[in-house]
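Chains, contacts and geometry: an overview
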Amino acid sequence: MERITVKIDGREIVTSPGRTILEVAVEHGIRIPTLCHLEGLSDVGACRLCIVDVRGQLVTSCTTRVADKMEVLTGTDAVRAYRRTILELLFAEGNHVCAFCVSNGGCELQDLACELEMHSVTVPYAYPRHRVDATHPRFLIDRDRCVLCGRCVRACGEVEGARTWNFAERGSQARVITDLDVDWGTAASCTSCGKCVEVCPTGAIVRKGESNGEMRKKPEVITRLKERRTHG
Amino acid sequence: MERQIHIEPVTRIEGHGKITVFLDAKGDVRDAQFHVTELRGFEQFCVGRTLWEMPGLTARICGICPVSHILASAKACDAILAVQIPPAATLLRRLMNAGQLVQSHALSYFYLSAPDFLLGWDSDPATRNVIGLVAADPVLARKGIRLRAFGQEIIDRLGGKRIHPGWAVPGGVNQALPETDRAWMLERLPEALATTQEALALFKSTFGDVEDRDVLTDFPSMYMGLVRPDGAWEHYAGVLRIVDSKGKVVEPGYDPARYYEIIQEASEPWTYLKFPHYVPKGYPKGMYRVGPLGRVNACDHFATPLAQAELEEFRERSGGRSGRVFDYHYARLIEILASVEEIGELLADDRITSTEIRAQAGINVREGVGVHEAPRGTLIHHYWVDGNGVIEKLNLIVSTGHNNLAMNRAVREIAKTYIKKGKVSEGMLNRIEGGIRAYDPCLSCSVHAVGKMPLAVEIVDAQGDVVTTLARDDR
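Values in this document were obtained by computation on a predicted structure and should not be read as measured data.

Some remarks on the overall build of chain A
- Regarding its fold elements, chain A presents six helices and nine strands.
- Expressed along its principal axes, the backbone C-alpha trace of chain A runs to roughly 55 × 50 × 30 Å.
- Taken across its 232 residues, chain A has 41% of its residues classed as buried.
- A separation of at least 24 residues holds for 64% of the contacts in chain A among residues at least 6 apart in sequence.

See the structure below:
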């Protein structure tokens, strides 16, 4: 098997080509923050939080493959500052109010804000207007809290195979939709499996009936499902 | 020359307010207005949110009595789910509300108001606060602080935190009471009871005579509060009772879910705080008062023995129902006593540690009303939802709002007593503030308003020019 050597934060690591920087880093206990990445789903580099420095260039570690003699820095001051700004932009683009959110205390976005020491948002808030879609009998989506990571879209398409979730519009108008932008409760393709709920990192897609701070999710079920389907 | 007096800011209350006193050409008081100068708009931005968020969302109206909003909201949500919540959930919600009454009343009495009358109305404003009280009477102040802490700790142990506990949910509560916490509450109960009785004894020995309690004026009004079907004082369930100034029953027991048939709100251009009034008497004649004095005047009796004995003495000392603004403090102490007694009764009920605490249901009714007694008075949450549980409309009538007509009346009466021929003194300022403070108004809640409260008095003459502004910064 072909072996290559990469250097991550000064550590020389021997690995095989074709793997992502993130995979190699995780395997060697090097922490890189992620949001749109979920083990078991394809990687798309949507959130940009896993950026690392490769010889002065910022690349997303979840979608960049390692190469021989590649030198990667995961936690320079500049990289950390960029990550914090990206996170601030995610907060400013939505309406994230932790205080009364069902996912308060169980939210990956909130955890990242703590980890990256985002003490305040320094960019102007966009205050977009969204409608809560509670038409599904068991679940609801509040797009105020959606960070467009696309985990719901990928879990629905790649694992459940229903392809109910997709993206509509572009730029600041982009949003996730069900079927051809119909109310979720009328989306004919939805199997009501709940995978989108479990993988959503915030309080955007949640179970109905959960109150403030009660929502706890199990994104790892997707990882396990994928493993079992691959290895039997 | 006609003048106006403005008091700005009003201190040691929750929120922002100012007072304008209008003088006539002789310099006597023609009218006075208590303005609440902030707006928050919860009734607008809650529209479109989901039912299940409402307890936690509306709790953010206030940091002093978030528990009140959580419970009223959860009750409105129960009505929409059309469920009867489990017995343990009812006991636990009552327990939290009793803890809330203790902590909020202790805060109002010992921290905010007692400095006025225990240190003296005309004492130096710089030390007329809880710090001054600690210096003057450290034992009493310490006991008062511990009494409040007892109420706070009950809330903390039930809900996981003291402020904004996301614990009462549609259908019940989400965390049972462990035996260890029940034991802690029972252990601390005797001290809370002793402190309350001591504070009552001190109050009565100082202000036992009616003349001593006339300081913040005495005027007749109707009184409103929840009572049990047998007419007993109530704070969580029951029916709406309205009595007149003599205690004659005007509304014996109105269904709280149909409050809007007897209570409506009027608006004035000079304040964000609306004016709830009793519909059959119209506006502004339908003035009634809520809160400690409202409840104590509205009920026939207390269900607990110590509070009942105090009620009998209170009525004897007051010649029946009391219209004295100062008696809000007296009633507040009696209510702390009743709450502490009820905490003991609730904790003695073994069902209270049951883990069956939540009923699950979907949207079964499109409209729900939750009414209960917050420390400052009757609190009403009224929601309309669509079939999916999304809020379409809501109406909040918050305790302080009910007292708005009465607070304006109190300010006017006090101003008339202490302003003659245009002469205004620091003593007048203190008594007007004290008159407002007796209602323990929570302006942040009542208009869902933001920030701290400064109070200014402005004097405006007949031409509409401000001739004097009395303001100070003693926060």
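Now that the structure is up, let's keep going.
Some remarks on the pairing of strand β1 (residues 4-8) of chain A
All names here are of chain A.
- Pairing geometry for β1 and strand β2 (residues 11-15), over five bridges, is antiparallel. In the strand pairing of β2, Lys-7 is matched with Glu-12.
- Judged from the two bridges that link them, β1 and strand β5 (residues 71-73) form a sheet pairing that is parallel. Bridge pairing in β5 links Lys-7 to Glu-71.

A short note on the packing of helix α6 (residues 138-159) of chain B against helix α7 (residues 179-207) of chain B
Residue and element names in this part refer to chain B.
- Two elements in contact, α6 and α7, have axes whose closest approach is 10 Å; the angle formed by their N-to-C orientations is 150°. On the basis of the axis angle, α6 is roughly antiparallel to α7. Crossing geometry of α6 relative to α7 is assigned as left-handed. Residue-level inspection shows Lys-143, Arg-146, Leu-147, Phe-150, Ile-154 and Arg-157 of α6 in contact with α7, the latter providing Asp-181, Trp-184, Met-185, Arg-188, Ala-192, Thr-195, Thr-196 and Glu-198.
- Grouping the amino acids of the contact of α6 with α7 by side-chain chemistry returns six nonpolar, two polar and six charged.

Examining the sheet that holds strand β11 (residues 288-289) of chain B
All names here are of chain B.
- Across the sheet, which stays open at both edges, the four strands sit in the order β8-β7-β6-β11 with mixed pairing between neighbours. With one partner strand each, in any of the chains shown, β8 (249-254) and β11 form the two edges of the open sheet.
- Of the pairings in the sheet, the one linking strand β7 (residues 239-243) to β8 comprises three bridges and is antiparallel in character. Bridged to Leu-240 within β8 is Tyr-254.

Focus on the domain arrangement of chain B
Residue and element names in this part refer to chain B.
- For chain B, the domain assignment lists domain 1 (3-38 + 421-471), domain 2 (85-211 + 326-352) and domain 3 (219-323).
- Each partner contributes to the interface: domain 1 provides nine residues, whereas domain 2 provides nine residues.
- The residue makeup of the side of domain 1 that touches domain 2, split by class, is two nonpolar, three polar and four charged.

Things to note about the confidence of the model for chain B
Residue and element names in this part refer to chain B.
- Mean pLDDT over chain B: 87, with 89% of residues reaching 70 or higher.
- Note on residues 447-454: pLDDT under 50 across the span, and 38 contacts to partners over four residues away in sequence or across chains.
- Listed scores for the predicted complex are pTM 0.89 and ipTM 0.91.

Quick notes on the interface of chain A and chain B
- In this assembly, 14 residues from chain A lie in contact with 17 residues from chain B.
- Here the residues of the side of chain A that touches chain B are counted per class, giving five nonpolar, five polar and four charged.

Digging into unusual backbone geometry
- Here Tyr-283 of chain B and Pro-284 of chain B are connected by a cis peptide whose omega angle stands at 5°.
- For Pro-284 of chain B, the location among the structural elements is in the loop between β10 (275-278) and β11.
- In this structure, Arg-55 of chain A is a non-glycine residue whose phi angle is positive, near 50°.
- By secondary structure assignment, the location of Arg-55 of chain A is in the loop between β3 (51-54) and β4 (57-60).
- Phi at Asp-181 of chain A is positive, roughly 65°, even though this residue is not glycine.
- Checked against the element boundaries, Asp-181 of chain A lands in the loop between β8 (175-178) and α5 (195-199).
- Since 11 C-beta atoms lie within 10 Å of it, Asp-181 of chain A is described here as exposed.

A word on helix α4 (residues 151-160) of chain A
Residue and element names in this part refer to chain A.
- Every buried residue of α4 is listed here: Arg-151, Cys-152, Val-153, Arg-154, Ala-155 and Cys-156.
- Residues of α4 that are buried sit in contact with β7 (165-168), β8, α5, β9 (205-207) and α6 (220-231).
- Trailing α4 by a residue or two, Gly-161 shows a phi angle of about 80°, which is positive.

Things to note about helix α12 (residues 404-418) of chain B
All names here are of chain B.
- Taking 1.5 Å of rise per residue, 15 residues should cover 21 Å, and α12 covers 21 Å from first to last C-alpha, within 8% of that figure.
- Taking burial as the measure, the 15 residues of α12 include 11 buried ones, the bulk of the element.
- Buried within α12 we find Asn-404, Leu-405, Ala-406, Met-407, Asn-408, Arg-409, Ala-410, Val-411, Arg-412, Ile-414 and Ala-415.

What to know about the nonpolar core
- Counting 184 residues, the largest nonpolar core has Cys-152 of chain A together with Leu-92, Ile-334 and Val-411 of chain B as its most contacted members.
- In terms of residue count, helix α4 (residues 87-119) of chain B provides more of this core than any other element does, 15 residues in total.
- Each residue touching Leu-92 of chain B, except ones within four places of it in the same chain, is listed here: Leu-158, Val-173, Leu-177, Ile-352 and Ile-357 of chain B.

Comments concerning the sheet that holds β1 of chain A
Residue and element names in this part refer to chain A.
- Strand order in this open sheet of five strands is β2-β1-β5-β3-β4, and the pairing throughout is mixed. Only two strands of the sheet have a single partner each, and these edge strands are β2 and β4. Averaged over all adjacent pairs, the angle separating strand axes in this sheet is 35°, with direction ignored.
- Running over the sheet, helix α2 (residues 77-93) touches β3, β4 and β5 and is turned about 150° from β3.

What about the domain arrangement of chain A?
Residue and element names in this part refer to chain A.
- The domain boundaries assigned to chain A delineate domain 1 (4-75) and domain 2 (82-231).
- Computed over C-alpha atoms, the centres of domain 1 and domain 2 are 24 Å apart.
- Across the contact, 15 residues belong to domain 1 and 24 residues belong to domain 2.
- Residue composition of the side of domain 1 that touches domain 2, by class: 11 nonpolar, two polar and two charged.

Definitions and limits used
Residues numbered from 1 in each chain as written. Chains lettered and ligands numbered in written order. Predicted model: local features only at pLDDT ≥ 70, side-chain atom pairs only at ≥ 80, totals over all residues. Helix = DSSP H or I, 4+ residues; strand = E, 2+ residues; numbered from the N terminus. Buried ≥ 20, exposed ≤ 12 C-beta atoms within 10 Å, placed from the backbone. Contact = placed C-beta atoms within 7 Å. Pairing = 2+ DSSP bridges. Axes fitted to C-alpha atoms, helices over the stretch in contact; angles between N-to-C directions. Parallel < 35°, antiparallel > 145°, perpendicular 65-115°, else oblique. Left-handed = near helix turned anticlockwise from the far one by under 90°. Nonpolar A, V, L, I, M, F, W, Y, C, P; charged D, E, K, R; others polar. Domains from an automatic or database assignment. pLDDT = per-residue confidence, 0-100. Expected span 1.5 Å × (residues − 1). Core = buried A, V, L, I, M, F, W, Y, C linked by C-beta atoms within 7 Å.

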